[in-house]
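The lines below spell out each chain.
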Amino acid sequence: VKNLLDDIAPRTPKAATADPKSFVDMTLVQELEAAGFFKQLYKR
Amino acid sequence: LNAEVIAISASTIVIQALLTGEVDFIIAPSATLVTSRLAGADTVMVSTNLPLFIDHIVSLSDISSVEQLKGKTGGVNRLGTTSDMTLRLALRRLGVDPEKDTKIIATGENPQRLAALARNITQFTLLGEPLVKEAEKMGFRDLYDIGTLKIPYHVNAVVTREKTVRERRPFVLKVVRAFAEALHFIKTNKEETKALIGKNLKTTDAEGLERAYRAYNAAFP
């Protein structure tokens, strides 16, 4: 996301001040990780 | 999950479908996510399937180095789309200024891009496997594998709305799980995956499918 924001920033002023983290919700993957889902999946 | 998967090729229509509630999720590149959110939509990425560019620069056979792309015309799907951005980012990383050193024009989808190369309207373009193999068979050069640059970019992000995450979190969680399981299937079921790629791209070319599997498998998280 940061790559893209940097690329369009010269033509899109809003991109220059946008926080890349705000585009991503990591809480769902984190919730699955905390529940051991990925460990279980790759044990199969 | 009882999911229906539909193909929508234009990013503006995809975003409209998401924002009007016609679909709950879209698989879209970062560009679609970023432009929609900057325009005020509550779009958000919850997972990703392909976090790197993996296309190749394919050129006329008489071009043998990236340096020789200077002064040439490159073809992308449409200006401003992912193929356009991929090509420009890659060229910059390779020491070629896409704006000053080359001309980049829109020549359409893969078959049209190949046709533009064949007619010398363009001298290079961007293609993914197994089409790179097809292009080589047609006499073009697989000039540069952009995957080797490891440029982080979510080519296939799983995007939904913040409203959906807020109001239907267990459902969203199931979808994120499903995508993780699909990636696990791909990584552990090579032949079945190749058959699926072949079915979707309507090809039975064994070498092309092998090359496609290798390229995607290496890039998948």
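Predicted, not measured: the structure shown is a model, and the values here were computed from it. (Residues numbered from 1 in each chain as written. Chains lettered and ligands numbered in written order. Predicted model: local features only at pLDDT ≥ 70, side-chain atom pairs only at ≥ 80, totals over all residues. Heavy atoms only, no water.)

1. Notes on the overall build of chain A
Filter applied, for reference: Helix and strand assignments follow DSSP, with helices taken as H or I runs no shorter than four residues and strands as E runs no shorter than two, numbered in order from the N terminus. Summary of the burial criterion: residues with accessible area below 20% of their type's maximum are buried, those above 50% are exposed, and those between are partly exposed, where the area comes from a 1.4 Å probe applied to protein chains only. Exposure was quantified through the Shrake-Rupley algorithm and a 1.4 Å probe, taking into account, for residues, occlusion by the shown protein chains and nothing else. We score Asp and Glu as negative and Lys and Arg as positive, and we do not count His or the chain ends. Charged groups are reduced to one reference atom each: NZ for lysine, CZ for arginine, CG for aspartic acid, CD for glutamic acid.
Scanning chain A from terminus to terminus reveals four helices and zero strands. When the elements of chain A are put in sequence order from the N terminus, they spell out α-α-α-α. C-alpha atoms of chain A, sized along the principal axes, occupy 45 × 15 × 5 Å. Across the 44 residues of chain A, 32% fall into the buried class. Roughly 3,000 Å² of accessible area belongs to chain A as shown, and the carbon and sulfur atoms make up 57% of that amount. Between the mean site of the 7 positive side-chain charges and the mean site of the 6 negative ones, chain A shows a separation of 5 Å.

2. Focus on the sheet that holds strand β6 (residues 124-127) of chain B
Residues and elements named next belong to chain B. The line we're drawing: Pairs of strands are assigned from DSSP output, requiring at least two bridges between the strands. Think of each axis as a best-fit line through the C-alpha atoms, taken over the contacting stretch in the case of a helix, with angles from 0 to 180 degrees between the N-to-C directions.
Here five strands make up an open sheet; going across it, the order is β5-β4-β6-β3-β7 and the pairing mixed. Across the chains shown, the open sheet's two edge strands, defined by having one partner strand only, are β5 (103-106) and β7 (141-145). Along the sheet, successive strands turn relative to each other by an average axial angle of 30 degrees, direction set aside. Examined bridge by bridge, strand β4 (residues 73-76) and β6 share two bridges and lie parallel to one another.

3. Examining the confidence of the model for chain A
How we decide: Per-residue confidence from the predictor is reported as pLDDT, which spans 0 to 100.
Here chain A averages 90 in pLDDT, while 98% of its residues score no lower than 70. By mean pLDDT, helix α1 (residues 2-8) of chain A is the weakest element of chain A at 84, and helix α3 (residues 27-34) of chain A is the strongest at 96.

4. Some remarks on the interface of chain A and chain B
Applied cut-off: Any two residues having at least one pair of non-hydrogen atoms within 4.5 Å are treated as being in contact. Accessible area, probed at 1.4 Å, shrinks when two parts are joined; the buried area is that loss added up over both. Whenever Lys or Arg places a side-chain nitrogen within 4 Å of a carboxyl oxygen from Asp or Glu, that contact is recorded as a salt bridge. Here a polar contact means two N or O atoms within 3.5 Å. Within protein one must be a hydrogen donor candidate and the other an acceptor candidate, and residues neighboring in sequence count only if both atoms are side-chain atoms. Note on residue classes: Ala, Val, Leu, Ile, Met, Phe, Trp, Tyr, Cys and Pro are nonpolar, Asp, Glu, Lys and Arg are charged, and everything else, Gly too, is polar.
If you look at the interface, chain A gives 24 residues, while chain B gives 28 residues. Taken together, both faces of the contact between chain A and chain B bury some 2,300 Å²; the carbon and sulfur share is 68%. When the buried area of chain A at its contact with chain B is split by residue, A:Leu4, A:Phe23 and A:Leu28 rank highest and sum to 27% of it. Where chain A meets chain B, there are one salt bridge. Note that A:Glu31 and B:Arg169 form a salt bridge whose closest N and O atoms lie 2.9 Å from each other. Taken together, chain A and chain B are joined by eight residue pairs in polar contact (both at pLDDT 80 or more). Of all the elements in the fold, those that place two or more residues in the side of chain A that touches chain B are α1, α2 (13-17), α3 and α4 (37-41) of chain A. A breakdown of the residues in the side of chain A that touches chain B according to their chemical character gives 15 nonpolar, four polar and five charged.

5. With respect to α3(A)
Cut-off, in case you're wondering: Think of it as the arc spanned by the lines of direction from the helix axis to the C-beta atoms.
Here α3(A) has its buried residues at A:Leu28, A:Val29 and A:Leu32. Down the axis, α3(A) shows its buried residues gathered within 100 degrees of arc, on one side only. Away from its buried face, by an angle of more than 90 degrees, α3(A) presents the exposed residues A:Glu33 and A:Ala34. Looking at the buried residues of α3(A), the elements they touch are α4 of chain A together with β2 (43-52), α6 (162-167) and α7 (169-188) of chain B. Of the residues trailing α3(A), A:Gly36 is marked for its positive phi of about 80 degrees.

6. Focus: the packing of aromatic side chains
Quick reminder of the rule: Here the aromatic set is Phe, Tyr and Trp, taking the six-membered ring for Trp, and pairing holds for ring centres within 6.5 Å; pairs whose planes are under 30 degrees apart are stacked, those over 60 apart are edge-to-face, and all others are tilted. Two conditions define a charge sitting above a ring: the NZ of Lys or the CZ of Arg must be within 6 Å of the ring centre, and it must be within 35 degrees of the ring normal.
Applying the stated rule across the entire model yields four aromatic pairs over all chains. Consider the rings of B:Tyr216 and B:Phe220, whose centres lie 5.9 Å apart with planes at 40 degrees: the pair is tilted. Take B:Tyr216: its relative accessible area is 25%, and that puts it in the partly exposed class. Since its relative accessible area comes to 14%, B:Phe220 is described here as buried. One cation-aromatic arrangement involves B:Arg37 over A:Phe23; the distance from NZ or CZ to the ring centre is 5.8 Å.

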